[in-house]
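# Understanding the architecture of this molecule
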Amino acid sequence: MARLEIHQIPVLGDNYVYLVHDSVSGETACVDPAVAGPVRDALQGKGWRLSHILNTHHHGDHTGGNMELKQVTGCTIVGSAADAARIPGIDVRVAEGDTVAIGSHVARVMDVPGHTSGHIAFWFENSKALFSGDTLFSLGCGRLFEGSAEQMWASLLKFRSLADDTRVYCAHEYTNSNADFALSIDPDNAALNRRADEITRLREAGQPTVPSMMGDEKAANPFLRADDDSLLAATGLTGQDAVSAFAEIRHRKDIF
Ligand code: ZN
Ligand code: FE
C-alpha cells in the first residue's frame, strides 16, 4: 500500500485546504475546499483527479468550493449526516464510526460537535493523520458557535485518545495567537514554551505550523488539559470539574 500523499493549500489568509491522494488508485480527496480556484490549480499542478470532497462542517470557509469542484470534476461530496441540509451538494451522509475509502486508505469518521452541532473529523488511522477541521487547532480549539462546553470537551477527549504520533491537520493557521493565549494562562509549561519557540521559528521562516503532533498538543494545548492539575492550579481552577474548567478557559480565550 503506497503512502497517503497529503498536499496543503493555504487560502483566504489563514485557511488550510488539503488534498489527500492515493497513488495506486489515483483517487484524491479534498478536505474542506474553502474556494475552488486554488484547489483546481493544485490538482492540475499535481496531475491529480478529484474523486471526493470531505467536509468537516458547514461553514462557508470549508464548503465554499464544493459546488464548482463537483460541477467540474463530478466528485462525491461526503459530509455530516446530522448536518446534511447545510452541506452544499452532499452525496454521502456519514456519522461516528462510518468509514470513507480513498483508494486503499480508509478514514474513520468521528462525530465532534461543539464548534457546530454537526461537526465531524476524518481520521486516517493507518496513516496517523487526523483532519480536525475547526474542532482542534494547534494550541487551540474552535469557538462554541452551536454546541455546549460539555459537547466540545467530549469531542476533544476523543482526539486525546489518539496516539501521540498522530499528525493533526487542522483547518486554520491560528497557532501564533493561540500560543499567546496559552502562554498567558500556563506560562511555566515547558512543553508549551518549547512549542512556542518552534512556532516562532516556523513563522519567521514563512513555514506553516500545521500539521502538529498530537503528543505536543496533549502536552501544550490548554483545551486538551482542562483536567490537568498543573493547568488548573495555574489558572486558579483547582477543584473544578473538567467541563467547568474547559468552559472557563474557553471563555477566557473568547475575551483575550
Ligand atoms: Zn468553522
Ligand atoms: Fe473555519
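Refer to the structure above for everything that follows.
The rules behind these values
Residues numbered from 1 in each chain as written. Chains lettered and ligands numbered in written order. Predicted model: local features only at pLDDT ≥ 70, side-chain atom pairs only at ≥ 80, totals over all residues. Heavy atoms only, no water. Donors = N, O, S within 2.8 Å, 3.2 Å for Na, K, Ca; no water. Helix = DSSP H or I, 4+ residues; strand = E, 2+ residues; numbered from the N terminus. Buried < 20%, exposed > 50% of the residue type's maximum accessible area, 1.4 Å probe, protein only. Lys, Arg positive; Asp, Glu negative; His and termini not counted. Salt bridge = Lys/Arg side-chain N within 4 Å of Asp/Glu carboxyl O. Polar contact = N/O pair within 3.5 Å; in protein donor to acceptor, adjacent residues only side chain to side chain. Contact = heavy atoms within 4.5 Å. Expected span 1.5 Å × (residues − 1). Arc of directions from axis to C-beta. Pairing = 2+ DSSP bridges. Axes fitted to C-alpha atoms, helices over the stretch in contact; angles between N-to-C directions.

## A short note on the coordination of the iron ion (ligand 2)
- At the metal site, the iron ion (ligand 2) is ligated by D61 (OD), H62 (NE2), D134 (OD) and H172 (NE2), and these contacts range over 2.1 to 2.3 Å.
- Written as a sequence motif, the donor arrangement for the iron ion (ligand 2) is D-H-x71-D-x37-H.
- Distance-wise, the zinc ion (ligand 1) is placed 3.2 Å from the iron ion (ligand 2), both being coordinated by D134. Residue H62 is located in helix α2 (residues 60-63), and its partner H172 is located in the loop between β13 (167-170) and α5 (175-185); the two are separated by 110 residues in the primary sequence. H172 shares its class with H62; the two are buried.

## Looking at the coordination of the zinc ion (ligand 1)
- Taken together, H57 (NE2), H59 (ND1), H115 (NE2) and D134 (OD) make up the protein donors of the zinc ion (ligand 1), found 2.2 to 2.3 Å from the metal.
- Binding-site remark: the zinc ion (ligand 1) is held by donors from one chain whose sequence spacing is H-x1-H-x55-H-x18-D.
- Looking at H57, the relative accessible area reads 1%, which means it is buried.
- By relative accessible area, which is 4% here, H115 ends up buried.

## Observations regarding the side chain of D32
- When you line up the elements, D32 lands in the loop between β3 (28-31) and α1 (37-46).
- Buried charge without a partner: D32 forms no salt bridge, and the closest opposite charge is R86, 13 Å away.
- Only 2.7 Å separates the side chain of D32 from the side chain of T56, close enough to count as a polar contact.
- Residues in contact with D32, not counting those within four places in the same chain, are V17, L54, N55, T56, H57, D61, H62, G133 and A171.

## Points about helix α4 (residues 149-160)
- When the terminal C-alpha atoms of α4 are compared, their 16 Å separation across 12 residues agrees well with the 16 Å that a helix rising 1.5 Å per residue should span.
- Those residues of α4 not exposed but buried are A149, M152, W153, S155, L156 and F159. Down the axis of α4, the smallest arc covering the buried residues is 160°, so these residues share one side.

## Side note on the sheet that holds strand β4 (residues 52-54)
- One open sheet holds the six strands; their spatial order is β1-β2-β3-β4-β5-β6, and the pairing between them is mixed. Whereas interior strands pair on both sides, the edge strands pair on one side only; in this sheet they are β1 (5-11) and β6 (92-94). Taking the axes of each pair of neighbouring strands and ignoring which way they run, one obtains an average angle of 25° across the sheet.
- Sheet analysis places strand β5 (residues 76-80) next to β6, joined by three bridges and oriented parallel. If you follow S80 over to β6, its bridge partner there is V94.
- Its contacts with the sheet place α1 against β1, β2 (15-21) and β3, and it is angled at close to 145° to β1.

## Structural notes on the pattern of salt bridges
- Applying the stated criterion across every chain, the model contains 15 salt bridges.
- Note that E146 and R86 form a salt bridge whose closest N and O atoms lie 2.9 Å from each other. You can see E146 sitting in the loop between β12 (140-141) and α4 and its partner R86 sitting in the loop between β5 and β6, a full 60 residues away along the chain.
- Between K128 and D165 there is a salt bridge whose closest N-O contact spans 2.7 Å. Of this pair, K128 sits in the loop between β9 (120-124) and β10 (129-133) while D165 sits in the loop between α4 and β13; the two residues are 37 residues apart in sequence, bridging distant segments of the chain.
- Here D165 falls in the partly exposed class, since its relative accessible area comes to 33%.
- Members of the salt-bridge network, linked through shared partners, are D83, R86 and E146.

## Digging into the sheet that holds strand β7 (residues 99-102)
- Spatially, six strands are ordered β7-β8-β9-β10-β13-β14 in an open sheet, and the strand pairing comes out mixed. A strand with exactly one partner marks an edge of an open sheet, and here the two such strands are β7 and β14 (212-213).
- By the bridge criterion, two bridges tie β13 to β14 in an arrangement that is antiparallel. Note that in β14 the partner of R167 across the bridge is M213.
- Contacts from α4 reach β8 (105-111), β9 and β10, with the element oriented near 150° to β8.

## Quick notes on the environment of C170
- Residue placement: C170 occurs in strand β13.
- The exposure class of C170 is buried, given its relative accessible area of 1%.
- In this structure the C-alpha to C-alpha distance between C170 and D134, which are 36 residues apart in sequence, comes to 6.6 Å.

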